[in-house]
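The lines below spell out each chain.
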Amino acid sequence: MKPLIIGMLCLYTTAGLSQNCKFTLTGSVVDSHDGDPLEGAVITGFSEGQVFYTDLDGRFSIPNLCEGTLGLQIAHPECKTQVFTLEITGDRSRTFRLEHHLESLNEVIITGKSYQTQSESILNNEIQRDQIERYTSGSLGDVLKTVSGVSSLNTGNTIVKPVINGLHSSRITIVNNGVVMQDQEWGAEHAPSIDVNTAGNITVLKGASALQYTGSAIGGVVVAQPQRVVLKDSIYGQTLLSGATNGRGGSISSSLVLGTEKGWFAEIQGTLKRFGDFEAPDYVLSNTGVYERDIMVRGGINKLHYGVEASYSYFRTEIGILRASHLGGAADQVRAIESDRPLIIEPFTYEIDVPRQDVTHHTGRISYFQRLKDIGKLTVQYDLQINERFEFDVRRGGRSDRPAVDLLLTTHHLHAGLETRLDDLTSLNVGLEGRYQTNEADPSTGVRRLIPDYDQYDFALFAIADRRLSDQWVVEAGIRYDYRYMDVLKFYRKSFWEQRGYDEEFPELVIEDFGNQVLTNPQPEFSNFSATAGANYSFGDSYVLFANYSLAMRAPNASELYSEGLHHSASRIELGDLRFDSEIANRINITLQKQSGRFRFSVNPFLNLIDDYILIEPTEVQQTIRGNFQVWEYRQTNAFLVGFDLDAQFDISEAFAYSGQFSFIKGYDRTLDLPLINMPPVNTLNELIWTHPQFHDLRISLQSQYVFEQNEFPDNNFDVFIPETGENVEVDVSTPPPAYHLMHLSGDATFRLNDQSNLNVGLTINNLFDTSYRDYLNRLRYYADDLGRNIILNLKLNY
């Protein structure tokens, strides 16, 4: 039946190619039972590759139609897919009715996205479930690197932080199942506390246009949404098994979903991941294992007029930090950086010793929505997050089992929003939110607290509107106000307090003097405005031009303001500054996209001017009782980032396809007229894909990844005194590693087990030729090579 439908649709389309195509079909898609609008219905069939979606009120508009008979296929995740035909003799309006809740599980056809667009004036880069599943044993950062312009800041190979157009950490907002993550994201070696196996779809927005989530995402926003539950009387699930040679471990992730026609649903999902020491081509990377266990449960009722959902997730990970990165004296630091091998190499083991991280993250969420007649969709959500972070270091006196860092971050968040239509062409999204956050740094560690105790209060208002001006033009504008107040209790060493001049600038902050240290009570306030304005313009058969300007302001985080001490898992001393103001970013973003045809592409140039940009860079090596560590200090300057991302796909034949990416970015310190530290080097990814659908959906791909040498970088080298020789030696922490080229090979096939189950088998070989390399954005590149060859076997069972 399906081939016949597709053939009919193509026949109707072909018949119209030679005609004058100027007519428009508008209308709505509704539930056949009660006429309620169906949001997110997918409409296809009028032109090859083109897809339209219904909006919040179930409305759509399809321009440039030809005179004649038109065939349409309309699909909705909770309805039976149907085909309609109608005569086009001029502009028409039509209401289509779908049978709600009556489709069979094996007949669901989703030909495009079924998720809400996050922004109208910026390209929504989407990663679909199939692609996410290839990284079932990886991290969120690994998945996001499949998007052009997204790289990662690594600490070894298991701590992977996403970098969007050169920006990371607090400049990137991550939204997981509707919850803005609060997990000590300020740390360069603090990976997002997310199990990628819970995501059904991930959207990456480059820039700060998604004001409904935050106004401080100068780098971008990542939105991970769970899979939609099919509302029928059914129970179904999926199990993913993965095994890898490098690290000699693997993962298992399994989910079970219950749905009913009355709208009730429930889901449980869990992941267990275990790896031992990973290996570079020539040696073991000692103490780099990982042990992760996660579980997520959710349930509720989803009706057309209202819905309630409650969810809870538990995420815990233990990650070893390369043992060779924690060294003793200055001479060892110099030797380690100059050596082509780690100074400490031990036999492979699954044991995770010190130094290591142990992070637990709890997330609870309850949300409610109500469709109010003639008003819109009202949503209210409360979420609670508890993040507990332990960092263990190599300590003397048998105290290595006692954490050197013990942070407990608790966040309460309340959000209310209203999505409405002002008229047939204009949508409005308004909302307000409040957040209360408290951070407790346990003093029983016996180590100076890197981050102080504080209470933080946030309040925000936002409004975003979009309007369809014509069949080609959609415009969008938004504004947001954020207010932050912090109440901090912080001990400073008196020598540091006076050395920074704080004793003269902030004498009123001291509430008690203990002789060699002072207790202070800073209470900073930040009022920030953010705004966005832009448009998208559709032209030709499949071209869309996006243009967006965004103003974003980000208040400095607790680390940037108050850090003063050894950051153990980062293997460095970090120093903040009380005097920092909010960053102010002005970004212009333009994207030209060709959506369909044999050759498809998108090109995305951008320009980002950031005043009071906060960066951290090495300044010296300092001796402590735990050894010698590099000192990294925050400073504020004015920055300028410019670049472009390019994506291209070409269908060479029915079986062969090409996919390519190219990312270019440059970042400069406008105040000192120097390059910025840690800017991603130019990189390109090219992939040749061969598919054979007739044989178990066989897919084989060969991928080439080339990363150029970073040729613009600041000189942060410094001298250290070597007591053994009585000489000062320059430590080169600036020179980037050479360019490198990696090849990856992968393939997978799907085998049908019975009417309701199938098994997908996939094999991937990363770093096919076992190439030795070091990456400029890997913080442990001073001490060891990156990963060698890794053969990964994935099994996916759908049932």
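Treat the numbers as computed from the prediction; the structure is a model and nothing was measured.

### Some details on the overall build of the protein
Now for step 1: Each helix and strand in the protein was counted, giving seven helices and 45 strands.
Now for step 2: Taken over C-alpha atoms, the radius of gyration comes to 27 Å for the protein, in line with the 28 Å a tight globule of 799 residues would show.
Now for step 3: With the C-alpha coordinates of the protein rotated into their principal frame, the extents come out at 90 × 55 × 50 Å.
Now for step 4: Split into buried and exposed, the 799 residues of the protein put 57% on the buried side.
Now for step 5: When contacts within the protein are restricted to residue pairs at least 6 apart in sequence, long-range pairs at least 24 apart make up 67% of them.
Now for step 6: For the protein, the accessible area works out to roughly 32,800 Å², and carbon and sulfur atoms hold 55% of it.
Now for step 7: Computed over 67 positive and 103 negative side-chain charges, the inter-centroid distance for the protein is 4 Å.

### Quick notes on the pairing of strand 4 (residues 59–66)
Now for step 1: Buried residues dominate strand 4, accounting for six of its eight residues.
Now for step 2: Two elements, strand 1 (residues 21–31) and strand 4, share six bridges in a ladder whose sense is antiparallel. Its bridge partner being in strand 4, Ser28 is matched across the sheet by Arg59.

### Regarding the side chain of Ser663
Now for step 1: Of note, Ser663 is situated in strand 37 (residues 656–669).
Now for step 2: By relative accessible area, Ser663 is classed as buried at 8%.
Now for step 3: A polar contact is formed between the side chain of Ser663 and the backbone nitrogen of Gly149, at a distance of 2.8 Å.
Now for step 4: Setting aside residues up to four positions removed in sequence, Ser663 forms contacts with Ser148, Gly149, Phe644, Asp645, Val682 and Asn683.

### Regarding empty space enclosed by the protein
Now for step 1: Counted by the stated rule, this structure contains twelve cavities of 30 Å³ or more.
Now for step 2: Computed from the structure, the largest cavity encloses a volume of approximately 710 Å³.
Now for step 3: Elements supplying a minimum of two residues to the lining of the largest cavity: strand 10 (159–164), strand 11 (172–176), strand 25 (426–441), strand 26 (453–468), strand 27 (473–493), strand 30 (525–539) and strand 31 (543–554).
Now for step 4: Residues belonging to the lining of the largest cavity are distributed by class as follows: 19 nonpolar, 14 polar and ten charged.
Now for step 5: Volume-wise, the second largest cavity comes out at about 320 Å³.
Now for step 6: Lining the second largest cavity are 27 residues, with His168, Ser169, Arg171, Leu615 and Ile616 positioned closest to its centre.
Now for step 7: Every element with two or more residues in the lining of the second largest cavity is listed here: strand 33 (572–575), strand 35 (599–624) and strand 36 (627–651).
Now for step 8: A class-by-class count of the residues in the lining of the second largest cavity yields twelve nonpolar, eight polar and seven charged.

### With respect to the packing of aromatic side chains
Now for step 1: In the structure shown here, the tally under the stated rule is 27 aromatic pairs.
Now for step 2: On the basis of an interplanar angle of 75° and a centroid distance of 6.1 Å, the ring pair of Tyr782 and Tyr783 is categorised as edge-to-face.
Now for step 3: Since its relative accessible area comes to 10%, Tyr782 is described here as buried.
Now for step 4: A relative accessible area of 4% means that Tyr783 is categorised as buried.
Now for step 5: Ring pairs connect the aromatic residues Trp473, Tyr537, Phe539, Tyr543, Phe599, Phe601 and Phe650, which therefore count as one cluster.
Now for step 6: Positioned above the aromatic ring of Phe392, the side-chain terminus of Arg356 is 4.0 Å from the ring centre.

### What to know about the sheet that holds strand 8 (residues 125–128)
Now for step 1: Read across the sheet, five strands follow the order 8-13-14-11-12 without closing on themselves; strand pairing throughout is mixed. Two strands bound the open sheet, and with one partner strand each, they are strand 8 and strand 12 (179–180).
Now for step 2: Bridge count for strand 8 against strand 13 (residues 201–206) is four bridges, and the pairing is antiparallel. Bridging from a neighbouring strand, Glu126 pairs with Thr203 of strand 13.

### Observations concerning the domain arrangement of the protein
Now for step 1: Annotation of the protein at the domain level lists domain 1 (25–98) and domain 2 (223–798).
Now for step 2: When each unit is reduced to the centre of its C-alpha atoms, the spacing between domain 1 and domain 2 is 39 Å.
Now for step 3: When domain 1 packs against domain 2, close to 1,400 Å² is buried across both sides, 46% of that on carbon and sulfur atoms.
Now for step 4: For the pair domain 1 and domain 2, the number of links is one salt bridge.
Now for step 5: For the pair domain 1 and domain 2, the interface holds zero residue pairs in polar contact (both at pLDDT 80 or more).
Now for step 6: Tallying contributions element by element places strand 4 first for the side of domain 1 that touches domain 2, with four residues.

### With respect to the pairing of strand 41 (residues 718–722)
Now for step 1: Of the two faces of strand 41, only the one carrying Phe718, Val720 and Ile722 is buried; Asp719 and Phe721 on the other face are not.
Now for step 2: Where strand 41 folds back onto strand 42 (residues 727–731) in an antiparallel hairpin, the turn is made up of four residues, including Gly726, whose phi is positive at roughly 70°.

### Looking at the pattern of salt bridges
Now for step 1: With the rule as written, the count across this model stands at 37 salt bridges.
Now for step 2: Where Arg298 meets Glu309, a salt bridge forms, and the shortest distance between an N and an O atom there is 3.4 Å. Here Glu309 lies in strand 21 (residues 306–320) and Arg298 lies in strand 20 (residues 290–302), a separation of eleven residues in the sequence. No difference in accessibility class separates Arg298 from Glu309, as the two residues are buried.
Now for step 3: One salt-bridge network, held together by shared partners, links Arg500, Glu505, Asp577, Arg579 and Glu633.

### A closer look at the side chain of Gln385
Now for step 1: Among the structural elements, Gln385 can be located in strand 23 (residues 376–392).
Now for step 2: A relative accessible area of 1% means that Gln385 is categorised as buried.
Now for step 3: Of note is the side chain of Gln385, whose polar atom sits 2.8 Å from the backbone oxygen of Val180.
Now for step 4: For Gln385, the contacting residues outside a window of four places in its chain are Val179, Val180, Met181, Gln182, His361, His362, Thr363, Leu409, Thr410 and Thr411.

### What to know about the environment of Gln636
Now for step 1: Note on placement: Gln636 falls in strand 36.
Now for step 2: With 358 residues separating them in the primary sequence, Gln636 and Phe278 have C-alpha atoms 37 Å apart.
Now for step 3: Beyond its immediate chain neighbours, meaning those up to four positions away, Gln636 contacts Arg579, Phe580, Asp581, Ser582, Asp612, Tyr613 and Ile614.
Now for step 4: From its side chain, Gln636 meets the backbone oxygen of Asp581 in a polar contact 2.8 Å long.
Now for step 5: Among the polar contacts made by the side chain of Gln636, one reaches the main-chain carbonyl oxygen of Asp612 at a distance of 2.8 Å.

### Here's the deal with the sheet that holds strand 7 (residues 92–98)
Now for step 1: As summarised here, the arrangement of the three strands in space is 4-1-7, forming an open sheet in which the pairing is mixed. Looking at the sheet topology across the chains shown, the edges are occupied by strand 4 and strand 7. Direction aside, neighbouring strands of the sheet carry axes that sit 30° apart on average.

### Details of unusual backbone geometry
Now for step 1: With omega at 0°, the peptide bond leading from Val354 into Pro355 counts as cis.
Now for step 2: Considering the arrangement of structural elements, one finds Pro355 in the loop between helix 4 (330–338) and strand 22 (356–372).
Now for step 3: Located in the positive-phi region is Asn165, a residue other than glycine, with phi close to 50°.
Now for step 4: Residue placement: Asn165 occurs in the loop between strand 10 and strand 11.
Now for step 5: At Asp673, a position not held by glycine, the phi torsion is positive, near 55°.
Now for step 6: The topology assignment puts Asp673 in the loop between strand 37 and strand 38 (674–675).

Each value, and the rule that gives it
Residues numbered from 1 in each chain as written. Predicted model: local features only at pLDDT ≥ 70, side-chain atom pairs only at ≥ 80, totals over all residues. Heavy atoms only, no water. Helix = DSSP H or I, 4+ residues; strand = E, 2+ residues; numbered from the N terminus. Rg over C-alpha atoms; globule rule 2.2 N^0.38 Å. Buried < 20%, exposed > 50% of the residue type's maximum accessible area, 1.4 Å probe, protein only. Contact = heavy atoms within 4.5 Å. Areas by Shrake-Rupley, 256 points an atom, 1.4 Å probe, with all protein chains shown as cover. Lys, Arg positive; Asp, Glu negative; His and termini not counted. Charge placed at Lys NZ, Arg CZ, Asp CG, Glu CD. Pairing = 2+ DSSP bridges. Polar contact = N/O pair within 3.5 Å; in protein donor to acceptor, adjacent residues only side chain to side chain. 1 Å grid on protein atoms, 1.4 Å probe; cavity = no way out; pocket = protein on both sides within 12 Å on 5 of 7 lines; lining within 4 Å. Points joined across faces, edges and corners; volume = space filled by probe spheres on them. Nonpolar A, V, L, I, M, F, W, Y, C, P; charged D, E, K, R; others polar. Phe/Tyr/Trp six-rings, centres within 6.5 Å; stacked < 30°, edge-to-face > 60°. Lys NZ or Arg CZ within 6 Å of the ring centre and 35° of its normal. Domains from an automatic or database assignment. Buried area = accessible area lost by both parts, 1.4 Å probe. Salt bridge = Lys/Arg side-chain N within 4 Å of Asp/Glu carboxyl O. Axes fitted to C-alpha atoms, helices over the stretch in contact; angles between N-to-C directions.

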